[in-house]
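Observations on the three-dimensional arrangement
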Amino acid sequence: MNVNVSCHLDPLALQEYIGQVFGSSYVVSGVSRMHGGAQKVVYKVDCTNGFSSVLYVWDLSMNFFQQEIEQNTINAGSYGSGLFASSNRFLKEHSIRTPALYDLNNDRTDYTFDYALVEYIDGQKAEAYFSHPDPEVKEHVLQQVGTLVTAMHNIKRNTFGAPEQHRNVRKTGQCHLMLQDNAKLQLAYAVQYIDLINTNKEKLLDKLDELAARIGPRTEYGLIHDELGPDHLLVNERLEPYLIDIEGVRFFDIEHEHSFLEFRFGEYYRYLQNDSLDPDRMRFYRFHHHIALISAGLKLLHRGYPDQQFSRNLSRYHTELAMRYIE
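Now for a look at the structure at hand. Here the structure is a predicted model, which is why all the values come from computation and not from measurement.

**Structural notes on the pattern of salt bridges**
Evaluation of the coordinates by the stated rule reveals 18 salt bridges. Across the pair Arg89 and Glu164 runs a salt bridge, and its minimum N-O distance is 2.9 Å. Taken together, the positions of Arg89 in helix 3 (residues 81-93) and Glu164 in the loop between strand 7 (156-157) and helix 5 (176-190) put the pair 75 residues apart, joining distant regions of the chain. Given the relative accessible area of 40%, Arg89 is considered partly exposed. Assessed through its relative accessible area of 33%, Glu164 is described here as partly exposed. Measuring nitrogen to oxygen at the nearest pair gives 2.5 Å for the salt bridge that ties Asp114 to Arg108.

**What to know about the sheet that holds strand 6 (residues 124-125)**
Backbone hydrogen bonds hold the strands of a sheet together, and the pairing may be parallel or antiparallel. Reading across the sheet, the three strands line up as 6-9-10 and stay open at both edges, with antiparallel pairing between neighbours. Strands with a single pairing partner mark the edges of an open sheet, and in this sheet they are strand 6 and strand 10 (241-243). Pairing of strand 9 (residues 233-235) with strand 10 involves three bridges; the strand directions are antiparallel. What sits directly across from Leu234, in strand 10, is Tyr242.

**Comments concerning the nonpolar core**
By size, the foremost hydrophobic cluster in this structure holds 67 residues, and its most contacted members are Ile197, Leu243 and Phe265. With seven residues, the single largest contributor to this core is helix 9 (residues 279-302). Each residue touching Leu243, except ones within four places of it in the same chain, is listed here: Leu91, Ile96, Arg97, Thr98, Pro99, Leu148, Met152, His225, Leu228, His232 and Leu233.

**Digging into the sheet that holds strand 11 (residues 250-252)**
Read from one edge to the other, the open sheet built from three strands follows the order 7-8-11, with strand pairing classed as antiparallel. The outermost strands of the open sheet, each flanked by one partner alone, are strand 7 and strand 11. Taken together, the two bridges between strand 7 and strand 8 (residues 221-224) define a ladder with antiparallel strand orientation. Note that in strand 8 the partner of Lys156 across the bridge is Gly222. Lying on the sheet, helix 4 (residues 135-153) is in contact with strand 7 and strand 8; it crosses strand 8 at an angle near 135°.

**A look at helix 8 (residues 254-265)**
In a regular helix each residue adds 1.5 Å, so 12 residues correspond to 16 Å; helix 8 covers 16 Å between its end C-alpha atoms and thus fits that length. Most of helix 8 sits out of view: nine of its 12 residues are buried. By the burial criterion, the buried members of helix 8 are Ile254, Glu255, His256, Glu257, His258, Ser259, Phe260, Leu261 and Phe265. Structurally, helix 8 contributes buried residues whose contacts are with helix 4, helix 5, strand 8, strand 9, strand 11 and helix 9. Backbone geometry just downstream of helix 8 places Gly266 in the positive-phi region, at approximately 55°.

**Here's the deal with the packing of aromatic side chains**
Applying the stated rule across the entire model yields 23 aromatic pairs. Centroid distance Phe130 to Tyr268: 4.6 Å. Interplanar angle 25°. Geometry classified as stacked. Of this pair, Phe130 sits in the loop between strand 6 and helix 4 while Tyr268 sits in the loop between helix 8 and helix 9, placing them 138 residues apart in sequence. We note that Phe130, like Tyr268, is buried.

**Overview of the packing of helix 7 (residues 201-213) against helix 9**
Where helix 7 meets helix 9, the closest approach of the two axes is 9 Å, and the angle between their N-to-C directions is 150°. Relative to helix 9, the element helix 7 lies roughly antiparallel. For the pair helix 7 and helix 9, the crossing hand works out as left-handed. In this structure, helix 7 uses Leu204, Lys207, Leu208, Leu211 and Ala212 to contact helix 9, whose residues at the interface are Arg283, Phe284 and Phe287.

**Examining unusual backbone geometry**
Of note, Asp226 is a non-glycine position whose phi angle comes to about 95°, a positive value. Residue position: Asp226 is located in the loop between strand 8 and strand 9. In this structure Asp226 comes out as partly exposed when scored by relative accessible area, which is 21%. Notably, Asp245 is not glycine yet its phi reads approximately 55°, a positive angle.

**Focus on the environment of Asn49**
Position of Asn49 among the secondary structure elements: in the loop between strand 2 (41-47) and strand 3 (52-58). With a relative accessible area of 41%, Asn49 lands in the partly exposed category. Not counting residues up to four positions away in its chain, the partners in contact with Asn49 are Ser25 and Tyr26. At a separation of 3.1 Å, a polar atom in the side chain of Asn49 contacts the main-chain amide nitrogen of Phe51.

**Topic: helix 10 (residues 308-323)**
Between the first and last C-alpha of helix 10 there are 23 Å, a value that for 16 residues agrees with the 22 Å anticipated at 1.5 Å per step. Residues of helix 10 that are buried include every one of Ser311, Leu314, Ser315, His318, Thr319, Leu321, Ala322 and Met323, and no others. Elements in contact with the buried residues of helix 10: helix 6 (195-199), helix 7, helix 8 and helix 9.

The rules behind each value
- In every chain, residue numbers begin from 1 and rise along the written sequence.
- Thresholds applied to this predicted model are a pLDDT of at least 70 for local features of residues and 80 or more for the giving and counting of side-chain atom pairs; totals over whole chains, interfaces and linings are not thresholded and use all residues.
- Here the side-chain values reflect all heavy atoms present in the structure, with hydrogen atoms and water set aside.
- Take a side-chain nitrogen of Lys or Arg and a carboxyl oxygen of Asp or Glu: if they are within 4 Å of each other, that pair is a salt bridge.
- Secondary structure elements are defined from DSSP: runs of H or I of at least 4 residues count as helices, runs of E of at least 2 residues count as strands, and each element is numbered from the N terminus.
- Only protein chains enter the area calculation, which uses a 1.4 Å probe; residues under 20% of their type maximum are buried, those over 50% are exposed, and those in between are partly exposed.
- Note: two strands are recorded as paired if DSSP finds a minimum of 2 bridges between them.
- To define a nonpolar core, start from buried Ala, Val, Leu, Ile, Met, Phe, Trp, Tyr and Cys residues and group those joined through side-chain atoms within 4.5 Å.
- The contact definition used throughout considers only heavy atoms, calling two residues in contact when any of these lie within 4.5 Å.
- All axes here are fitted lines through C-alpha atoms, helices being fitted over the stretch that makes contact, and every angle between N-to-C directions spans 0 to 180 degrees.
- One less than the residue count of a helix, multiplied by 1.5 Å, gives the span that helix is expected to have.
- Geometry of aromatic contacts follows a simple scheme: Phe, Tyr and Trp rings, the Trp one being its six-membered ring, pair when their centres are within 6.5 Å, and the pair is stacked under 30 degrees between planes, edge-to-face over 60, tilted otherwise.
- Oblique is the label for any angle not covered by the other classes, which are roughly parallel (under 35 degrees), roughly antiparallel (over 145) and roughly perpendicular (65 to 115).
- Left-handed describes a crossing whose near helix is turned anticlockwise from the far helix through less than a right angle; right-handed describes the clockwise counterpart.
- Whenever two N or O atoms come within 3.5 Å, that pair is a polar contact, provided that in protein one can donate a hydrogen and the other can accept it, and provided that, for residues adjacent in sequence, both atoms are side-chain atoms.

So this is what it looks like as structure tokens:
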């Protein structure tokens, strides 16, 4: 029984939890740490009867953006078990595939963190299919990804914000203004560490304001994932894609998502392309992504993210792209 991996719950507590959720015939045989990104810790839990599930742990002390969450800054709005549960429920209700939520424990009686058991999807991330040797399989999976993304974006609402926000607290106004403020916040962090950004700070701020000023009013918003790269789509054995890391799901300008999809999917963005997008919004959000990811890379680098080279490259790459806007 390989349960020596520290999974936040001690072995007896984990077994008790598994038994409560699934029944006494489910006996834990092994626990392994999965790559869970920067905002939560993820473990695979195997049972002797061949069943597997995933344990999500929202431990703020292990979150690489703990400081932003504690300060409630604008870029910390996609963290927490409550957002995960409401997004999971909303996606399921609208037939958007995402792993099932079996149970959520947020009572904090025994631990200082929330945790949940979630469906294990036995498959690969969508990015693995970029280099799949069978062109028909590759084509099928990417078409399925496009269908899923389009279906999600076609879920509309006339206000922006989290899907289950109470009606009287839904945000009105122009959602891009939130990210204009966020870009300024992220730029203020980056100027402390990158000379090129510091030297060109005013030009970058002027470009940000110029791009934002071109955006006209809008009264309809689509449902977006908010950080949808090919690593946030799991493909099962039936070649069906599932959305994961869904805490950031919200109604917003879909251009915010498409401008991210463009550079995350590269040549395969053609499977996701939408001809009705607003070009002014696309330019603004693309610029915002570059600035935000410069800062995100730096923060991961400074806060001990395991893949330091990735963090360094992320910041350098988006510095180069942001600078092209003012050349």
